[in-house]
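# A structural walkthrough
Chain residues, written in single-letter form:
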Amino acid sequence: MEQTLVILKPSSIRRFIVGDVIARFQHKGLIISGIKMMQLDEAILREHYAHLVDRPFFPDILESMTATPVIVMCLKGKDAVAVVRTMTGTTNSRNAAPGTIRGDYAMSGQENIVHASDSPENAAIELKRFFRDGEIFDYLPCALRLLYAPDEL
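Worth saying up front: this structure is predicted, and the values here are computed from it rather than measured. Residue positions are counted from 1 within each chain, in the order its sequence is given. Totals for whole chains, interfaces and linings use every residue, but because this is a predicted model, local features are given only for residues with pLDDT of at least 70 and side-chain atom pairs only at 80 or more, for both listing and counting. In computing side-chain properties, one takes all heavy atoms of the structure into account and sets aside hydrogens as well as water.

### Remarks on unusual backbone geometry
Rule in force here: Starting at the N terminus, helices and strands are each numbered in turn, a helix being any DSSP run of H or I of at least four residues and a strand any DSSP run of E of at least two. Partly exposed describes any residue whose relative accessible area lies between the buried limit of under 20% and the exposed limit of over 50%, with all areas from a 1.4 Å probe on protein chains only and scaled to the type maximum.
In this model, Phe-16 sits at a positive phi of 60°, which is unusual for a non-glycine residue. Summarising the element assignment, Phe-16 is placed in the loop between α1 (10-14) and α2 (18-28). Judged by relative accessible area, which is 75%, Phe-16 ranks as exposed. Backbone geometry at Asp-79 places phi at a positive 50°, although glycine is not the residue there. In this structure, Asp-79 sits in the loop between β3 (70-77) and α5 (80-88). For Asp-79, a relative accessible area of 46% puts it in the partly exposed group.

So, in structure tokens, the structure goes:
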């Protein structure tokens, strides 16, 4: 099964919607393989957003992403990256479809509730950035057969 990274950003922490967002992933049938709260610093954000460091709005990203701790999660499931990306909606929340996390909870391109890996390759890189060895667990819930057909496992 595929793994992906999700970061519940300070905008979700400050608005007390963490439980709602996590519940949506769980209700979909994604497996939480790792979860922790951490305070991000400039070094990890420069690495994570390396493609944006030279953009004029990068200081705003730093301020936003360090405003409170974040919650990082490793979610696992069949096609987890694509499933999570579909669930989160487009980056600019004003354009995100109703029913998506951003479409239902946000109005901003920056204060958009969650970060989600954009490819399996980037998910692997990002998971190593935010989780140490032993912090991601490999288990299968007993309800797995209720989530997938036998040929999907």
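### Some points on the pairing of strand β2 (residues 31-38)
The side chains of a regular strand alternate, first on one face of the sheet and then on the other. Here is the rule we go by: A strand pair is defined by DSSP finding two or more bridges across the two strands.
Counted residue by residue, β2 has six buried out of eight residues, so it is predominantly covered. In this sheet, β3 lies alongside β2 in antiparallel orientation, the contact comprising seven bridges. Note on β3: the bridge partner recorded for Met-37 is Ile-71.

### Description of helix α7 (residues 120-130)
We apply this condition: By construction, the arc corresponds to the directions joining the helix axis to the C-beta atoms. Residue contacts are defined here by distance: any two heavy atoms, one from each residue, within 4.5 Å place the two residues in contact.
Among the residues making up α7, those that are buried are Ala-123, Glu-126, Leu-127, Arg-129 and Phe-130. Seen from one end, α7 has its buried residues packed into an arc of 155°, which puts them on one side. Residues of α7 that are exposed and point over 90 degrees away from its buried face: Glu-121 and Lys-128. Here the buried face of α7 lies against β1 (2-8), β2, α3 (42-48), β3, α5 and β4 (114-116).

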